[in-house]
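So the chains spell out like this:
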Amino acid sequence: MSPLERRCRLLMRAYPAAYRRERGDEIMATLLEATPEGRRRPLLRDMRALIMGGLRARAAQNRRFTTAVNLRLAVLAGLCIYLAAIAAGDLNDFVTSEVDRAVPMVGPAGWPVLIAGLLMGAVVALAWLARRPVVIGAAALAAGAATGYVGFPSAAQQAAGRGGLTSAFVITELGCLAAVAALTVRMERRSPAWLWLVGAVVATLLLPGYLRYIPNLWFIWMYIAPGMELCVLVVAVAWIAIDARPLVAVATYLSLSSVPPIFDEIGWGVSNWFFNPALLIPLAIAALAVWRLRRQSVRPGQAVQQ
Amino acid sequence: MREPTYFVLAALLDGPLHGYAIIKQAWELSGGRIRLATGTLYTALDRLTDEGYVRLVSEETVNGRIRRSYGLTDEGSAALRAEAARMADAARIVTEANRGAAVRPVRPRRQVRPA
């Protein structure tokens, strides 16, 4: 493969995968023919047009679905980000408790956490890859693990001075698992491409934490963590012109993340549910994204698929 | 109708063409003014196909790659001729005989500033 062809293929990534499968070869052939001989990279105007054409093709993709279908996909992605973050946190807790035993654990620890985390992660992956009965079965198992192992600490854990998660966290987890099962029942097609968004958000949550183990870099993670989360939010906001669904997903995740602490604060009598910016700001972002999503979706009578 | 779209349709007037041939034909028909970028061409072809102005005519494999040829539909041909007639009418306002001679360029007035 020549350098020109390699660069052209890289540019073709701007188009959605389904579009590339159908027309990628044809566009490549035209692009290679249209590029003057001897060049190692496409003309600047061709590069710009390919990127713009790819983004337009991506925007046109959503217009095959109704607002309801697009919204269900985006909310499912948001729920999965939340569950994946919990799973990643559980696995992180297990690694920390096993590797670095000097660190005192405030939550549950040990093998029960590992099992709960793995089951939760499995639900997230299966929600996009497996048939509906499998997703429902995995969600039921994960719910059992969340209530049985993580939610209520065993006598051994209590004796070791390790408490369980508060009931608000467990209730939110169970609610999310139930919602994932309910949403997959109503959806035929779920593109695994959404797992990229789930993975990106979880990476922003986890990776900075591990920087603390690198000598002389331990203090940086405190600044990098919020910065990376902000980057994901900024990219999702910028992407709203092409596709509003990632922003709906991120806003759903942010809203869900704020629910358990708010429940706890209400229980302690230090917060007012309705005026908590941690919940209201993500909800306002979600409302903006849903408004945009309505404009990007097809009307119910004109839906091509699903 | 935008100019690149007009020349894409005009390029197909003589018969079906594949992607690169459309780019070359549009370039020649426009006297070298319109040089369609590949991405622009395929965005236009997608839109024109959705609107029913262009259709896929044939598909062949050349050097291991798919080459598709596109042709004008009756609706596309009618839309192109209607656009050409509209532009000719618009051009006639300016190029009509005797009219151009009567119109003299307006000399810009010099503004006098108050002392």
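Refer to the structure above for everything that follows.
Residues numbered from 1 in each chain as written. Chains lettered and ligands numbered in written order. Predicted model: local features only at pLDDT ≥ 70, side-chain atom pairs only at ≥ 80, totals over all residues. Heavy atoms only, no water.

1. Some details on helix 2 (residues 19–29) of chain B
An α-helical turn contains 3.6 residues, so any two residues separated by three or four positions project in the same direction.
Right, so step 1: Those residues of helix 2 of chain B lying buried are Gly19, Ala21, Ile22, Ile23, Gln25 and Ala26 of chain B.
Right, so step 2: A positive phi of about 65° marks Gly31 of chain B, the residue just after helix 2 of chain B. (Buried < 20%, exposed > 50% of the residue type's maximum accessible area, 1.4 Å probe, protein only. Helix = DSSP H or I, 4+ residues; strand = E, 2+ residues; numbered from the N terminus.)

2. Concerning the interface of chain A and chain B
Interfaces are frequently sized by the accessible area removed from exposure as the parts join.
Right, so step 1: Each partner contributes residues to the interface: chain A has 23 residues there, and chain B has 18 residues.
Right, so step 2: Applying the counting criterion to the chain A and chain B interface returns 4 salt bridges.
Right, so step 3: At the boundary of chain A and chain B, one finds 11 residue pairs in polar contact (both at pLDDT 80 or more).
Right, so step 4: Residue assignment for the side of chain A that touches chain B shows that the elements contributing at least two residues are helix 1 (3–12), helix 2 (17–34) and helix 3 (44–62) of chain A.
Right, so step 5: Considering each element in turn, the side of chain A that touches chain B owes the most residues, 13 residues, to helix 2 of chain A.
Right, so step 6: Tallied by class, the residues present in the side of chain A that touches chain B amount to 11 nonpolar, 2 polar and 10 charged. (Contact = heavy atoms within 4.5 Å. Salt bridge = Lys/Arg side-chain N within 4 Å of Asp/Glu carboxyl O. Polar contact = N/O pair within 3.5 Å; in protein donor to acceptor, adjacent residues only side chain to side chain. Nonpolar A, V, L, I, M, F, W, Y, C, P; charged D, E, K, R; others polar.)

3. Some thoughts on the nonpolar core
Right, so step 1: Met120, Trp128, Leu177 and Val180 of chain A are the most contacted members of the largest nonpolar core, which totals 49 residues.
Right, so step 2: Elements that contribute at least two residues to this core include exactly helix 4 (67–99), helix 5 (111–129), helix 6 (132–151), helix 8 (167–185), helix 9 (194–210), helix 10 (221–238), helix 11 (245–268) and helix 12 (277–296) of chain A.
Right, so step 3: Broken down by element, this core gets its largest block of residues, 14 residues, from helix 4 of chain A.
Right, so step 4: Of all hydrophobic cores here, the second largest spans 32 residues; its members include Met28 of chain A together with Phe7, Leu12 and Ile34 of chain B. (Core = buried A, V, L, I, M, F, W, Y, C linked by side-chain atoms within 4.5 Å.)

4. As for the packing of aromatic side chains
How two aromatic rings sit relative to each other is set out by the distance from centre to centre and by the angle between their planes.
Residues and elements named next belong to chain A.
Right, so step 1: According to the stated counting rule, one finds 3 aromatic pairs over all chains in the structure shown.
Right, so step 2: Ring geometry for Trp128 versus Trp194: centroids 6.2 Å apart, planes at 20°, classification stacked. Highlighted residues: Trp128 in helix 5 and Trp194 in helix 9, separated in sequence by 66 residues.
Right, so step 3: When its relative accessible area of 3% is taken as the criterion, Trp128 is described as buried.
Right, so step 4: Residue classification places Trp194 among the buried positions, given a relative accessible area of 9%. (Phe/Tyr/Trp six-rings, centres within 6.5 Å; stacked < 30°, edge-to-face > 60°.)

5. Here we look at helix 1 (residues 3–11) of chain B
All names here are of chain B.
Right, so step 1: Counting buried residues in helix 1 gives 7 out of 9 residues, a clear majority hidden from the surface.
Right, so step 2: When we look at burial in helix 1, the residues that qualify are Thr5, Tyr6, Phe7, Val8, Leu9, Ala10 and Ala11.
Right, so step 3: Lining the buried residues of helix 1 we find strand 1 (17–18), helix 2, helix 3 (38–51), strand 2 (54–62), strand 3 (65–72) and helix 4 (74–95).

6. With respect to the side chain of Thr172 of chain A
Residue and element names in this part refer to chain A.
Right, so step 1: Looking at the element boundaries, Thr172 is found in helix 8.
Right, so step 2: Owing to a relative accessible area of 8%, Thr172 belongs among the buried residues under this scheme.
Right, so step 3: Non-local contacts of Thr172, meaning those with residues more than four positions away in its chain, are made with Tyr82, Leu256, Val259 and Pro260.

Everything listed here is a matter of geometry and, on its own, says nothing about what the molecule does.
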